[in-house]
Amino acid sequence: MGRILMAVCLLAVVGRAEGETQPVMVFDTGGHTNKVVGAFFLKGDKQIVTASSDNTVRVWDIATAKTEHMYRLPIDGKYDGTVQVAAISTDRRFLAVGGNNPFDENPYATIIVYVIDLVEGKIAHTLVKDAPYLRSLSFSPDGQYLAAASCTRGAWFWNLDTRQVTRLTEDRCCNFVKFHPEKFIVVVDGVRRDDQTYATFETYYVPSAKLAAQAQSGKRSTTDAGASNAIWVGNDRLVSGHIGMSLSFWDHAGANYVNVKLPITVPAKVKDDIYPTEVVRSPDGRKLLVAGPADITPNVMLIDTATNKQLAEMTEHLFDVHVADFSSDSSLVVTAGYKTEIYVWQAETGKVVARLRGPGGGFSAGGWSRRGTAFGFGRSMYDSEDPKAALPIEWAFDLPTLTLGLATGENFIRTPRIESPSLRLDRGIAESLRNAFRKSRPIQHPAAGSNPPVNAKPDSQLSGLNDEDILKSFRPAVQLLSDDRAIVVYGGNRMYLCELSTGQIKQMFYGLASTLSDLVASPDGRWILTSSYDQTLRVWRVDAEVPVLSVFVADKEWVAWTPEGYYACSPGGERMAGWQPVGTPGSFGTYNAAVQFNTHFYRPDVIKRTLTEGSAGRAAKKIAEETVAPVPPEFRRAQPPSVSIISPKALTKFSDDTFEVEVLAKPVGDNPITELRLQVNGRSYEGAGRRGTRTYVDPRREEVREKFVIELKPGEYLLKGLAETAGKSQGESTPVKVEVLGLEARKPRLFGVGVGVGTYADRADTASLPHGGRDATALLKTLEAHGKNLFSGVQTKILTDDQATRKNMLEALKWMGKQMTDRDVGVFFFSGHADKDEQELLYLCCHDTRRADLIDAGIPASQVKEHLAKTKGTIILVLDACYAGAIDDAVTKDAGDSVNDRMARQFATTASGLIVLCSCRGKEQSLQDATDGGYFTHALIQGLKGKAKAVDGVVHLPQLFTYADEVVRARSKNRQTPYYRANTGTLPAVALSRP
């Protein structure tokens, strides 16, 4: 069973100075990246809204299992923003989410709740209360009141019209609060007796119309019911979960008690400490959903409310389930919990109809390689039959080579275990802290940037508890560093350096944004590694309050970053990473994609040397000295400008083919604007003798407005403004869709160049690729055959083997550039070798290329990019090049940087607007067989022939890549992983064929 006290959002504090905060690294993998705390059907039952401890709210389309809208909650760079609980209004319009308040100097002393209007897409109310550890929220039936429960400040409710607060209880621990469908509130206390937790239900009968005036009046009943936060309140009775996986049924006066044992299998070693985690009744009143931890079988089931017999079960969840909801007609159920699992399934059969999640999952184990150069992690939950068994290290990240691969477990140093909700060290160590903390006295949490006082308790809210309660309720997890120094973790996510002999707190650590799963010192004792459930590894120095280095992993994609803003990533990692600026309560957070900073801050060389030099700042300075290169600007002073298109407005239709576009750009901080650019369909506008770029010799420190006169032929277009700064960061506007009307709106044309170098003139110098020419020919012929029904014309050039010379390839690129217009689509396919020279410059190897003479006989990747960047229209590159590399012996050679990856990065920049598809990544091979040729190309061909077509009968680029990716992964048994790069982060919906 996963016994977790609390989880908070996926945020990584970037570092801070006194009085200043910097943006925070955040991620968008297509799904949540931390515990899901709320999942609800919206009106119409076609959408699901979810809230997560990753500090986001997502609205999902059930049919496509994709996110339609994502809201980022505001953050403060000093502390972690959190979402701990969620509730939805009866009309399904308002979602309440809340947790610790990151804008308070002591975020653990106050909570903040946002009420989001899901119809208008805005924050309708921002509520703050001096109460740590929010445990529950509930809307009144009419939506006028919002009740809340806290770990130490009892229960209360807000009047959402007046913001008036009415208390229900005195200060104490309340785990649950719930409005009756008509007229009263149920409050649940958490009481400890004989080291067991019991729930005391208190029912407040309050007429809804006079709620504020009569909160403390009316009949009140109290009943002991066992340990559970799983409560359902109905018109006729109250249902609660009970230790040992049973249900207790009560009337609202606490009488007529009935206990029902659930038909499940509970492992003997955990049966005394296991209970339901969620209870929900269906709208039709016939079914009761009961969810529990992963230890039991099944851990999600439906019970007949009339007979108490099981109706159906759902067995897909691998981890604990904490939230659930029914559709309005009771036919569908959504369940979610740890490890970001969200399933929508049929209530009658238990069959899953939608799986709503992104790649990867939280880390349950961590460790160092014995060389101290690789970090290991695992995702398996511990075995309920042997809860103390060591969890496996399954994957590893090698720092010197920036390689993510499979781990060799015996080569990793592990931490000892404890009896704790989140860390597993030796129980005796935790008990040894009892006397140390008795010597301390309660004080306020230190302000940001201040030195922690001596003899300080880590949390002011602990002052009302005795030492026994502290140890039992928070169970500190400890990693000994020496006989007298230890890292202590409270509540799963607050970390301190303590002196055991005196009880003094020597250092407070910030940026631990989720519940820890492991904590271990490096072999040389210089560093502390933490793994956590937000899919992140963090490396700490004991004398620094923020992580020196962090690594986020989602399947085979990864991003490594530092407090100074430097980062490195896998080929597909950059598109899921970005920086969220510090916000203000009441407004959703904004987002700047990582690619907007890559000129200065994409620095794999710095990341590799961060630990050896002691910090990324020192590494950057050392590298600058060695290469005589300038040190990049301070990260917080390199923020991209804000950009918007003032006119035209979205969905404007023009009868004239010539019109004006006005773009506004505002610099952020001391980072003046040097260039403003207009893009049409993702490419810089160049046409009719007019340029879509304005360059400023004298950088502009004030806002810039420019008007671009453009001429476009009839059709639909996406317009976007981009601005670049002196610090080489790039800002971009929200795209604006417009349409140019015309009697003869010509369909776009398709142009294709296919290059397949299967053999090389000097075979002794360059190995042959037997299927390169066949792949190029087959792909281009497929585009010709199945594109003719979609495009007004299809023209291709195919160069294979001895035809694929340097001269012919350059002529084909020039031909494409002369033919294409803004509305056309171009595909450039290359299958062959690529290499780099002594200066690390990349080259495509032609049939007549000798690797010893790349400069004269190869084609520089920069030259290919220059040709294609000047070509109008939408350009798609499909690359298939070679691989190489070597890594720590604790990591298998499975993934990493390669020539293929570097080419994709070089081509797919914001300025070029190119889209790049790669057949494989890193050290993977692009697999092939004698019948089908290359796995990836064959899958693309099958997709273009109809396997990837949408309901409209057209094959679009996103669906084509998804189909090919799934086929290649399955066929290769995950030995080959295709990926893409696009300046928009996601693939645009480019139509490619109509089979």
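- Per an unreviewed UniProt entry, the recorded name for the chain is WD-40 repeat protein, beta transducin-like protein, and the organism is Limnoglobus roseus.

Details of the packing of aromatic side chains
Logical step 1: Per the counting criterion, the structure on display carries 16 aromatic pairs.
Logical step 2: Ring pairing ties together the aromatic residues Trp368, Phe375, Phe397 and Trp558, which thus form one cluster.
Logical step 3: The lysine or arginine in question, lysine 129, covers the ring of tryptophan 156, its NZ or CZ lying 4.9 Å from the ring centre.
Logical step 4: Here the guanidinium or amino end of lysine 797 rests over the ring plane of tryptophan 815, the centre of that ring lying 5.0 Å away.

Remarks on the nonpolar core
Logical step 1: One finds Phe375 and Phe397 to be the most contacted residues of the largest nonpolar core, which totals 46 residues.
Logical step 2: Top element by residues in this core is strand E42 (residues 549–554). It accounts for five residues.

Overview of helix H13 (residues 957–972)
Logical step 1: Between the first and last C-alpha of H13 there are 22 Å, a value that for 16 residues agrees with the 22 Å anticipated at 1.5 Å per step.
Logical step 2: Residues of H13 that are buried: Leu957, Pro958, Leu960, Phe961, Tyr963, Ala964, Asp965, Val968 and Ser972.
Logical step 3: Packing partners of the buried residues in H13 comprise strand E65 (874–880), strand E66 (915–918), helix H12 (935–947), strand E69 (955–956), strand E70 (979–982) and strand E71 (991–993).
Logical step 4: Phi turns positive one or two residues past the end of H13, at lysine 973, with a value near 55°.

Some remarks on the packing of H12 against H13
Logical step 1: Interaxial distance between H12 and H13 falls to 9 Å at its minimum, and their mutual angle equals 135°. Our classification of the angle between H12 and H13 gives oblique. At the point where H12 passes H13, the crossing takes the right-handed sense. Contact residues: Tyr935, Phe936, His938, Ala939, Leu940, Gln942, Gly943, Leu944 and Lys947 in H12; Leu960, Tyr963, Ala964, Val967, Val968, Arg971 and Ser972 in H13.

A word on the sheet that holds strand E63 (residues 842–844)
Logical step 1: On the basis of which strands lie adjacent, the open sheet formed by three strands has the order E62-E63-E64 and antiparallel pairing. Edge positions in the sheet fall to strand E62 (834–836) and strand E64 (859–860), since each has one partner strand and no second.
Logical step 2: Two elements, E63 and E64, share two bridges in a ladder whose sense is antiparallel. Pairing of leucine 844 across the sheet is with isoleucine 859, part of E64.

Thoughts on the pairing of strand E31 (residues 374–378)
Logical step 1: Counting buried residues in E31 gives five out of five residues, a clear majority hidden from the surface.
Logical step 2: Residues of E31 alternate between two faces, with Ala374, Gly376 and Gly378 on one and Phe375 and Phe377 on the opposite face, all of them buried.
Logical step 3: Two elements, strand E30 (residues 365–369) and E31, share four bridges in a ladder whose sense is antiparallel. For glycine 366, the partnering residue across the bridge sits in E31 and is phenylalanine 377.

Topic: unusual backbone geometry
Logical step 1: Residues serine 647 and proline 648 are joined by a peptide bond in cis, for which omega reads 5°.
Logical step 2: For leucine 402, which is not glycine, the phi dihedral falls at a positive 50°.
Logical step 3: Assessed through its relative accessible area of 5%, leucine 402 is described here as buried.

Details of the pairing of strand E9 (residues 122–129)
Logical step 1: Relative to E9, strand E8 (residues 111–117) runs antiparallel, the two being bridged by seven bridges. Bridging from a neighbouring strand, valine 113 pairs with leucine 127 of E9.
Logical step 2: Counted along the chain from E8 to the antiparallel partner E9, the turn is four residues long, and its residue glycine 121 has a positive phi close to 65°.

Focus on the environment of valine 334
Logical step 1: Its location among the elements puts valine 334 in strand E27 (residues 332–337).
Logical step 2: Judged by its relative accessible area of 0%, valine 334 is buried.
Logical step 3: Spatially, the C-alpha atoms of valine 334 and valine 323 are 8.2 Å apart, while their sequence positions differ by 11 residues.

With respect to helix H10 (residues 861–870)
Logical step 1: Listed as buried for H10 are Ala861, Val864 and Leu868. Within H10, the buried residues cover an arc of 60° as seen down the axis, which keeps them to one side.

Some points on the pattern of salt bridges
Pairing is possible between side chains of opposite charge, provided their charged atoms come close.
Logical step 1: For the structure on display, the rule yields 31 salt bridges.
Logical step 2: For arginine 93, the salt bridge is made with glutamate 120, and the minimal N-O distance between the two is 3.4 Å. Taken together, the residues span a long stretch of sequence, with arginine 93 in the loop between strand E6 (85–88) and strand E7 (94–100) and glutamate 120 in the loop between E8 and E9 at a distance of 27 residues.
Logical step 3: In this structure, glutamate 811 engages lysine 807 in a salt bridge whose closest nitrogen and oxygen atoms are separated by 2.8 Å. Here glutamate 811 pairs with lysine 807, and both are found in helix H8 (residues 806–819), just four residues apart, close to one helical turn.
Logical step 4: Overall, glutamate 811 belongs to the partly exposed group, its relative accessible area being 40%.
Logical step 5: Several salt bridges share partner residues, and in doing so they unite Lys129, Asp130, Arg153, Arg167 and Asp171 into one network.

About the cut-offs
Residues numbered from 1 in each chain as written. Predicted model: local features only at pLDDT ≥ 70, side-chain atom pairs only at ≥ 80, totals over all residues. Heavy atoms only, no water. Phe/Tyr/Trp six-rings, centres within 6.5 Å; stacked < 30°, edge-to-face > 60°. Lys NZ or Arg CZ within 6 Å of the ring centre and 35° of its normal. Core = buried A, V, L, I, M, F, W, Y, C linked by side-chain atoms within 4.5 Å. Buried < 20%, exposed > 50% of the residue type's maximum accessible area, 1.4 Å probe, protein only. Helix = DSSP H or I, 4+ residues; strand = E, 2+ residues; numbered from the N terminus. Expected span 1.5 Å × (residues − 1). Contact = heavy atoms within 4.5 Å. Axes fitted to C-alpha atoms, helices over the stretch in contact; angles between N-to-C directions. Parallel < 35°, antiparallel > 145°, perpendicular 65-115°, else oblique. Left-handed = near helix turned anticlockwise from the far one by under 90°. Pairing = 2+ DSSP bridges. Arc of directions from axis to C-beta. Salt bridge = Lys/Arg side-chain N within 4 Å of Asp/Glu carboxyl O.

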